[in-house]
Amino acid sequence: HSAPKKGPYGLDVIASVLHSGVRKKRSRVDQHDSKLVYDSIIYCLNSLANIVESGKSVQILAEMIVPSRGSDSDTLFVTWLTRWLVSETSSFRDAVVESTFGDSPSKHAERRLDDDEEEKLVTTANGFILLCCLIVDEGEDASRSRSLYEIILEEIPQEGADAKVRFLKNTLKAFMNFYRYNVGDLSVAIVTPVKDLIKRLEAV
């Protein structure tokens, strides 16, 4: 059973579909089903981010758990989600981490993503938007021993909190550049709110 365990919330249903979709994606479904799985994953990530932004759902997601793969123990949904998203960046993580985005010369200036990496960048960025929404909307909560900020950053393999946050921000910047290149002027509908989210993350 792969459903997140928490309670009778609509969030559980969306999180369950997301968790199931990721497992199907890892099982290498056929090309047609793969597109459906990808679309469902993006839909779930966007829906959860929108719900968090609407307020009063951070606590529920912070306490939600999922069965750990290959283990009888359970894992926090946020921990599982962060681990999976970070794993999606494995082939281009160094380029994202070391990118300067025009502020100074970069050895990755000519780096281009292949089709599979582009899909993973879009997936990861949508997931990071959700994680950043959780961080900036968490507020003060004395009922938890660890903040979501700490839980999320613990799963990011960079050294030091500043480098971990920079990885989140750089991934979102790479996503915005990708969106501008592929969509043009219409990208403002996505790019503007992501820029605002980055500013809010920097203020945490």
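What counts and what doesn't
Sequence positions are assigned chain by chain, starting from 1 and proceeding in written order. Residues qualify for local features only when their pLDDT is at least 70, as the model is predicted, and side-chain atom pairs are given and counted only at 80 or more; totals for whole chains, interfaces and linings, by contrast, use all residues. As a convention, hydrogens and water are excluded, and side-chain values are obtained from all of the structure's heavy atoms. Here a helix means four or more residues in a row that DSSP labels H or I, a strand means two or more in a row labelled E, and each is numbered from the N terminus. For every residue, the accessible area obtained with a 1.4 Å probe (protein chains only) is divided by the maximum for its type, and the residue is called buried under 20%, exposed over 50%, and partly exposed between those limits. Contacts are assigned to residue pairs that have any heavy atoms within 4.5 Å of one another. We get accessible surface area from the Shrake-Rupley algorithm with a probe of 1.4 Å; when it comes to residues, only the shown protein chains can shield them. A carboxyl oxygen of Asp or Glu within 4 Å of a side-chain nitrogen of Lys or Arg is what we treat as a salt bridge. The criterion for an aromatic pair is that two Phe, Tyr or Trp rings (for Trp, the six-membered ring) have centres within 6.5 Å, with stacked assigned to planes under 30 degrees apart, edge-to-face to planes over 60 apart and tilted to the rest. The span you would expect from a helix comes to 1.5 Å times its residue count less one. Interaxial angle, 0 to 180 degrees, is taken between N-to-C directions of lines fitted to C-alpha atoms, where a helix line uses only the stretch in contact. Here is the rule for angles: anything less than 35 degrees is roughly parallel, anything more than 145 is roughly antiparallel, 65 through 115 is roughly perpendicular, and the remaining ranges are oblique. Here a crossing is called left-handed whenever its near helix is offset anticlockwise from the far helix by less than a right angle, and right-handed whenever the offset is clockwise. We call Asp, Glu, Lys and Arg charged. Ala, Val, Leu, Ile, Met, Phe, Trp, Tyr, Cys and Pro are nonpolar, and the rest, Gly among them, are polar. Summarising the geometry, the arc corresponds to the directions from the helix axis toward the C-beta atoms.

A. Main features of the overall build of the protein chain. The number of helices and strands found in the protein chain is nine helices and two strands. Each helix (α) and strand (β) of the protein chain, taken in turn from the N terminus, gives the series α-α-α-β-β-α-α-α-α-α-α. In the protein chain, which comprises 204 residues, the proportion classed as buried is 47%. Across the protein chain, every contact between residues at least 6 apart in sequence was considered, and the portion connecting residues at least 24 apart equals 66%. Per element, the accessible surface of the protein chain, about 11100 Å² overall, is 49% carbon and sulfur.

B. Focus on the pattern of salt bridges. Inspection of every chain in the model, using the stated rule, returns eight salt bridges. Close ionic contact of Lys25 with Glu88 constitutes a salt bridge, the shortest N to O distance being 3.3 Å. Taken as a pair, Lys25 in helix α1 (residues 10-26) and Glu88 in helix α4 (residues 77-88) lie far apart in primary sequence, 63 residues in all. With a shortest N-O distance of 3.2 Å, Glu202 and Lys169 are connected by a salt bridge. Of this pair, Glu202 sits in helix α9 (residues 188-202) while Lys169 sits in helix α8 (residues 161-183), and the two are 33 residues apart along the sequence. Three or more residues joined by partner-sharing salt bridges are found here, namely Glu53, Asp137 and Arg200.

C. Focus on the packing of aromatic side chains. In this structure the tally under the stated criterion is four aromatic pairs. Between Trp80 and Trp84 the ring centres are 6.3 Å apart and the planes differ by 10°, which places this aromatic pair in the stacked class. Taken together, the residues span about one helical turn, with Trp80 and Trp84 both in helix α4 at a distance of four residues. When its relative accessible area of 12% is taken as the criterion, Trp80 is described as buried. Site record: aromatic cluster; members linked through ring pairs are Phe77, Trp80 and Trp84.

D. Just α1, in detail. In this model α1 runs 25 Å from its N-terminal to its C-terminal C-alpha over 17 residues, within 8% of the 24 Å that 1.5 Å per residue would give. For α1, the complete set of buried residues consists of Leu11, Asp12, Ile14, Ala15, Ser16, Leu18, His19, Gly21 and Val22.

E. Seen up close, the packing of helix α6 (residues 115-137) against α9. At their nearest, the axes of α6 and α9 sit 10 Å apart, and the two run at 45° to each other. Here α6 is positioned oblique relative to α9, judged by the angle of their axes. With respect to the hand of their crossing, α6 and α9 are arranged in left-handed fashion. Across from Ile129, Cys132, Cys133, Ile135, Val136 and Asp137 in α6, the residues of α9 making contact are Val194, Leu197, Arg200 and Leu201. Of the residues that constitute the contact of α6 with α9, the class distribution is eight nonpolar, no polar and two charged.

F. Up close: the side chain of Thr171. Within the secondary structure, Thr171 is located in helix α8. Take Thr171: its relative accessible area is 0%, and that puts it in the buried class.

G. Highlighting α9. Helix length check: α9 (15 residues) gives 21 Å between terminal C-alpha atoms against 21 Å at 1.5 Å per residue, within 8%. Among the residues of α9, those classed as buried are Val191, Val194, Leu197, Ile198 and Leu201. On an axial view of α9, the arc spanned by its buried residues comes to 125°, and they lie on one face. Residues of α9 that are exposed and point over 90 degrees away from its buried face: Ala189 and Lys199. Tucked inside the fold, the buried residues of α9 contact α6 and α8.

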